[in-house]
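An overview of the molecular structure
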Amino acid sequence: MAPTRSPDVAELPADHMNQLIGVLTRREVEARLLAPLVAALAREFGEGRVLRVIRETIVSIARVQGAELARAMGGDSLSKFRESLVHWTKGKALEIDVLEEGERLFAYNVTRCRYAEMYRDLGIPWLGPVLSCSRDFALIEGFNPRIRLTRTQTLMEGAPFCDFRYRLEDG
């Protein structure tokens with residue numbers, strides 16, 4: 001007999017997939033499953049409605065994953081977050097140009113994003129911002145609510161680079 005409700009992400013066991021396979025491989029597996037599912041749900045319920053629910057769900061997942069990441073990294077400092085980028089850059093998935101790093105500020109530009117390339121190659125560039133970029137703010141919020149992310153543009157949405165600026169606020 002099937003359960004009457006699916007568990008929320010916070011009720012699932014800790015997620016270690018990023019450390020095991022890297023984030024780029026994980027996102028491709030997710031995209032290959034979700035793209036046809038999103039298309040089918042959009043036909044049934046309307047694209048706008050389905051994308052809103054997916055975006056909200058992805059953000060909730062990212063917040064929980066951020067907290068799990070802080071535990072896995074052994075702390076929630078900005079330097080621990082910098083160390084965690086190894087999971088997102090694995091296999092040269094991201095090429096970054098670090099502009100400034102210190103105890104309270106970490107600023108970099110992403111100059112190549114293989115995530116964006118992968119979504120384009122799969123023929124679903126419109127789904128990339130929903131499945132990947134929408135996670136960034138919630139992930140850092142879950143990692144440490146005192147770290148603020150500012151990002152005004154992404155390669156995924158056609159900009160020449162992504163501008164990530166993390167700042168640790170007082171508190």
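Refer to the structure presented above.
Please read these numbers as outputs of a predicted model, since none were measured by experiment.

Residues apart from glycine generally show negative phi values, whereas peptide bonds are mostly found in trans. With a phi angle near 55°, Lys 92 is a residue other than glycine that sits in the positive phi range. Within the secondary structure, Lys 92 sits in the loop between α5 (86-89) and β1 (94-101). Here Lys 92 falls in the exposed class, since its relative accessible area comes to 61%.

What follows covers the sheet that holds strand β2 (residues 105-113). The strands making up a sheet are joined through hydrogen bonds of the backbone, oriented either antiparallel or parallel. Spatially, four strands are ordered β1-β2-β4-β3 in an open sheet, and the strand pairing comes out antiparallel. In this open sheet, the two edge strands, each paired with only one partner strand, are β1 and β3 (147-150). For this sheet the average axis-to-axis angle between neighbouring strands, irrespective of direction, equals 20°. Across the sheet, helix α6 (residues 114-121) lies against β1 and β2, angled at about 35° from β2, the strand it touches most. Taken strand by strand, helix α8 (residues 136-143) contacts β3 and β4 (162-168), and its axis lies near 170° from that of β3.

Here we take up the environment of Val 59. Mapped onto the secondary structure, Val 59 falls in helix α3 (residues 47-73). Each C-alpha atom of the pair Val 59 and Cys 133 lies 9.8 Å from the other, and the pair is 74 residues apart in sequence. Residue contacts for Val 59: discarding those within four places in its chain leaves Ser 134 and Ala 138.

Here we take up the pairing of β2. For β2, a buried count of seven out of nine residues is recorded, marking the element as mostly surrounded by other parts of the structure. As paired strands, β1 and β2 are joined by seven bridges and run antiparallel to one another. Bridging across to β2, Ile 96 finds its partner in Val 110. Where β1 folds back on β2, the antiparallel hairpin that results is connected by three residues. Looking at chain direction, β2 and β4 are connected through six bridges and run antiparallel. By the bridge assignment, Tyr 108 is partnered in β4 with Phe 164.

This paragraph deals with the layout of surface pockets. As a volume, the second largest pocket reaches approximately 150 Å³. Along the walls of the second largest pocket sit Leu 34, Leu 37, Val 38, Leu 41, Val 53, Ile 54, Thr 57, Ile 58, Ile 61 and Leu 131, which together make up its complete lining. Elements represented by at least two residues in the lining of the second largest pocket include exactly α2 (23-45) and α3. Ranked by residues supplied to the lining of the second largest pocket, first place goes to α3 with five residues. Its residues placed into classes, the lining of the second largest pocket shows nine nonpolar, one polar and no charged.

The rules behind the values
- Residues numbered from 1 in each chain as written.
- Predicted model: local features only at pLDDT ≥ 70, side-chain atom pairs only at ≥ 80, totals over all residues.
- Heavy atoms only, no water.
- Helix = DSSP H or I, 4+ residues; strand = E, 2+ residues; numbered from the N terminus.
- Buried < 20%, exposed > 50% of the residue type's maximum accessible area, 1.4 Å probe, protein only.
- Pairing = 2+ DSSP bridges.
- Axes fitted to C-alpha atoms, helices over the stretch in contact; angles between N-to-C directions.
- Contact = heavy atoms within 4.5 Å.
- 1 Å grid on protein atoms, 1.4 Å probe; cavity = no way out; pocket = protein on both sides within 12 Å on 5 of 7 lines; lining within 4 Å.
- Points joined across faces, edges and corners; volume = space filled by probe spheres on them.
- Nonpolar A, V, L, I, M, F, W, Y, C, P; charged D, E, K, R; others polar.

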